[in-house]
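Structural overview
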Amino acid sequence: MKLAFSIAVRFLKSGKFQTWFIILGIAIGVSVQVFIGSLISGLQKSLVDKTIGNSSQITIQAPTGEYLSDYSDIITSLSTNVDGIKIYSPTITARGTLLEGTDTSPVVMRGFDFESANQIYSFNEKITEGRIPTAINEIALGIGFKDSLNIDLNDQITFDIPTIGATEVTIVGFFDFKVSAINTAWAITGLNTVQTSLGVGNVVDSIESQIEDDLIFDAEVISASVENQFVNDGEGIPTVSNWIQSNEELLSGLQGQSISSIMIQVFVMISVVLAIASILAIIVMQKSKQIGILKAMGIQNGDASLIFLFEGLILGVLGAVFGVLLGLGLSYAFTTFALNSDGTPVVPLFIDPAFIALSAVIAIVASLGASLIPARKSSKLSVIEVIRNA
Amino acid sequence: MFGINLAFEEGSFNSIIGQSGSGKSTLLNILGSLDRPTSGDIIINGKNTKNMSNTEIAVLRNESLGFIFQFHYLLPEFTALENVLMPYRISKRPVTEETIKYANELLDIVGLTKVKNNLAINMSGGQQQRVAIARSLMNNPKIILADEPTGNLDSDSTEQVYELLRKINRQFGTTFIIITHDRHIAEKADRIIEIKDGRINLDISKTNA
């Protein structure tokens, strides 16, 4: 083992240029792997985050026209019995019209428990003017209403729910969700504003929730276990929906991206393996005389093979190390120099140590695999042919 | 080759002569277990090589045989000393200080003390040949097989190399089987075997050796 290793090292050292060339080849392969992998997973994470990061990922909805009166019990029971959900937030929604003088606009009045809802919607960051409503009959409106109703902060307007009645509300803030469908439709307020407008007690019509970050793609499983909870508790049957059901296109887009990223990585690896295999095959040819001499001196076939396995291993390890460094360097350069106008990276990279380790291990295994053929060749090399062809 | 039936005595100094293409190298390669005969037996130290596995043959080559080839065949990536130590390292015994001392002694014997740490590739032909001789002695083999060991050396070096081989033969009692086309050299051997067209043409032993 030791002998084979030291011969391998000496062989590699004797052809320094060739050796560094192969290492560079492997390193470039690994760095592309690391860079593309980090880029795609960063892209996906930011896309998922932008799309569903500020929305309910699993929603428990009371049947139409009914309410959940024991919502705090439900939340307590779900918190203890279902894993993977980081926050629950009860909400109640009333649809109606906002009236300001002669201007009217349909509105979705959403009542939140802000303490928990903030962890889902990050209202603090979305408020552009004023503040989050704190008292009853205070509301914040999407900035889209500003123009359609010609209103301003601290204006009093009428919120009218057909067949139920009208409530006077005060505008204490405006928010911007960067989504026009929300900016022109939502009003946010406390639970009690909506409850009194509707003339119902302390009830909600749905419970919204967010899943823990690393379980985001397990939404369906978690959602099923939430659903099971209701059957077990013998409650009425609210519907449980999750983000995957409502974002099929996003999901298939992400999958397409993952597959193409894997394809790129697989082909990069294949070309690296082919390159190593062919260069090692050339080295065996170059070193066949030496192998012949060693065999005449009585080196065993296994040890003769080991020389080339060690060469593959050394090349793989060095290539992987330099490749990871190069890949991280590339990623660093990319996030430092490719910036949006506000100074944030165009694509936030996601550096996953486990993924990088995997890329390095794949490169090393591939190098070892590539050295199997030369190793076999070396083992089969017959002394007499080497001597005859001297 | 046909109908070859030869036995070499332990501690003898033998030469094989013959024209090129006569089969003398083939004979030596078969004797040294580098090549296998199509039929017939090779018995080394009382053991028939015919039924040995590759591993057993490798061990036999390592422990009992030393080769000196016409084209030196050193490992160019290693120094003279490392080349001499190589057969010992192949045997997988731990390299001790004594081993290194012995390798140095062998290099002293062949007169290469000064250049022992040079890479083989940076040495002259005669120096390389002498390294190869020192290397063949490293594991104290019973038999040394040499194929035109002076084939591409000038006449002075040739004389030196033969004196050296003869000295080793006397000092260590090593059996030598040497191919040469130099009759002058061959005549110094205890026994001369001439191969012609794959057969033994002549086999003379000197009684006064």
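Procedures and definitions
- Residues numbered from 1 in each chain as written.
- Chains lettered and ligands numbered in written order.
- Predicted model: local features only at pLDDT ≥ 70, side-chain atom pairs only at ≥ 80, totals over all residues.
- Helix = DSSP H or I, 4+ residues; strand = E, 2+ residues; numbered from the N terminus.
- Buried ≥ 20, exposed ≤ 12 C-beta atoms within 10 Å, placed from the backbone.
- Pairing = 2+ DSSP bridges.
- Core = buried A, V, L, I, M, F, W, Y, C linked by C-beta atoms within 7 Å.
- Contact = placed C-beta atoms within 7 Å.
- Axes fitted to C-alpha atoms, helices over the stretch in contact; angles between N-to-C directions.
- Parallel < 35°, antiparallel > 145°, perpendicular 65-115°, else oblique.
- Left-handed = near helix turned anticlockwise from the far one by under 90°.
- Nonpolar A, V, L, I, M, F, W, Y, C, P; charged D, E, K, R; others polar.
- pLDDT = per-residue confidence, 0-100.

Counting secondary structure elements, chain A contains 16 helices and 10 strands. Projected onto its principal axes, the C-alpha coordinates of chain A cover approximately 105 × 50 × 30 Å.

Turning next to the pairing of strand β6 (residues 175-179) of chain B. Residues and elements named next belong to chain B. Of all five residues in β6, four are buried; the element is thus mostly enclosed. Relative to β6, strand β1 (residues 13-17) runs parallel, the two sharing four bridges. Looking at β6, one finds that S15 is bridged to I178. By the bridge criterion, five bridges tie strand β5 (residues 143-147) to β6 in an arrangement that is parallel. The residue bridging I144 from the neighbouring strand is F176, located in β6.

Moving on: the nonpolar core. Of all hydrophobic cores here, the largest spans 98 residues; its most connected members are I26(A), I307(A), A363(A), V84(B), L107(B) and V131(B). In terms of residue count, the dominant contributor to this core is helix α13 (residues 301-337) of chain A (11 residues). When residues no more than four places from it in sequence are discounted, the contact partners of V131(B) are L74(B), A80(B), N83(B), V84(B), L112(B), A120(B) and M123(B). Y71(A), V107(A), F112(A) and I139(A) belong to the second largest nonpolar core, which has 50 residues in total.

Time to look at the packing of α13(A) against helix α15 (residues 372-380) of chain A. Residue and element names in this part refer to chain A. One can describe the packing of α13 onto α15 by two numbers: an axis separation of 8 Å at closest approach and a directional angle of 150 degrees. Put simply, α13 runs roughly antiparallel to α15. The handedness of the crossing between α13 and α15 comes out as right-handed. Taken together, the residues of α15 that come into contact with α13 (itself represented by N301, A304, S305, I307, F308 and L309) are P374, A375, R376, S378 and S379. The residue inventory of the contact of α13 with α15, partitioned by class, reads six nonpolar, four polar and one charged.

Right, let's talk about the interface of chain A and chain B for a bit. The interface is formed by 17 residues belonging to chain A together with 20 residues belonging to chain B. Those elements giving two or more residues to the side of chain A that touches chain B turn out to be α1 (2-14), α12 (288-296) and α16 (383-388) of chain A. Counted by class, the side of chain A that touches chain B contains 11 nonpolar, five polar and one charged residues.

With seven of nine residues buried, α12(A) is to be regarded as a mostly interior element. Looking only at α12(A), the buried set comprises Q290(A), I291(A), G292(A), I293(A), L294(A), K295(A) and A296(A). Looking at the packing, one finds that the buried side of α12(A) touches α13, α15 and α16 of chain A together with α2 (54-64), β4 (65-68) and α3 (80-90) of chain B. Looking one or two places after α12(A), you find G298(A), whose phi comes out positive at around 100 degrees.

The next point concerns the environment of G327(A). Secondary-structure assignment places G327(A) in helix α13. Non-local contacts of G327(A), meaning those with residues more than four positions away in its chain, are made with V30(A), S31(A), Q33(A), V34(A) and F35(A).

For the rest of this paragraph, the subject is the sheet that holds strand β7 (residues 191-196) of chain B. All names here are of chain B. Spatially, the six strands line up as an open sheet ordered β4-β5-β6-β1-β7-β8, and their pairing is mixed. Two strands close off the open sheet at either side, each with one partner strand: β4 and β8 (199-205). Strand after strand, the sheet turns through a mean of 15 degrees between neighbouring axes, direction not considered. In this structure, β1 lies alongside β7, joined through four bridges in parallel fashion. Note that in β7 the partner of S15 across the bridge is I192. Running over the sheet, helix α5 (residues 125-137) touches β4 and β5 and is turned about 175 degrees from β4.

In the Ramachandran plot, N137(A) falls in the positive-phi region, its phi being about 65 degrees despite a non-glycine side chain. Position of N137(A) among the secondary structure elements: in the loop between β4 (127-130) and β5 (138-142). You can call N137(A) partly exposed: it has 18 C-beta atoms within 10 Å. Although it is not a glycine, K92(B) sits at a positive phi angle of roughly 65 degrees. In this fold, K92(B) is placed in the loop between α3 and α4 (97-109).

Attention shifts here to helix α1 (residues 24-31) of chain B. Among the eight residues that make up α1(B), seven are buried, leaving the element largely enclosed by the rest of the structure. Taken together, the buried positions of α1(B) are K24(B), S25(B), L27(B), L28(B), N29(B), I30(B) and L31(B). If you follow the buried residues of α1(B), they end up packed against α16 of chain A together with β1, β5, β6 and β7 of chain B. Once α1(B) ends, the next one or two residues include S33(B), with phi positive near 65 degrees.

Any two packed helices are characterised by the angle at which their axes cross and by the distance between the axes. Residues and elements named next belong to chain A. Where helix α2 (residues 16-52) contacts helix α11 (residues 248-286), the two axes come as close as 9 Å, and the packing angle between them is 175 degrees. One way to sum up the angle between α2 and α11 is to call them roughly antiparallel. Tallied by class, the residues present in the contact of α2 with α11 amount to 14 nonpolar, 10 polar and no charged.

On to the confidence of the model for chain B. All names here are of chain B. In the predicted model, chain B carries a mean pLDDT of 84, and the fraction of residues at 70 or more is 98%. By mean pLDDT, helix α7 (residues 183-186) is the weakest element of chain B at 78, and α3 is the strongest at 91. Reported confidences for the modelled complex are a pTM of 0.73 and an ipTM of 0.85.

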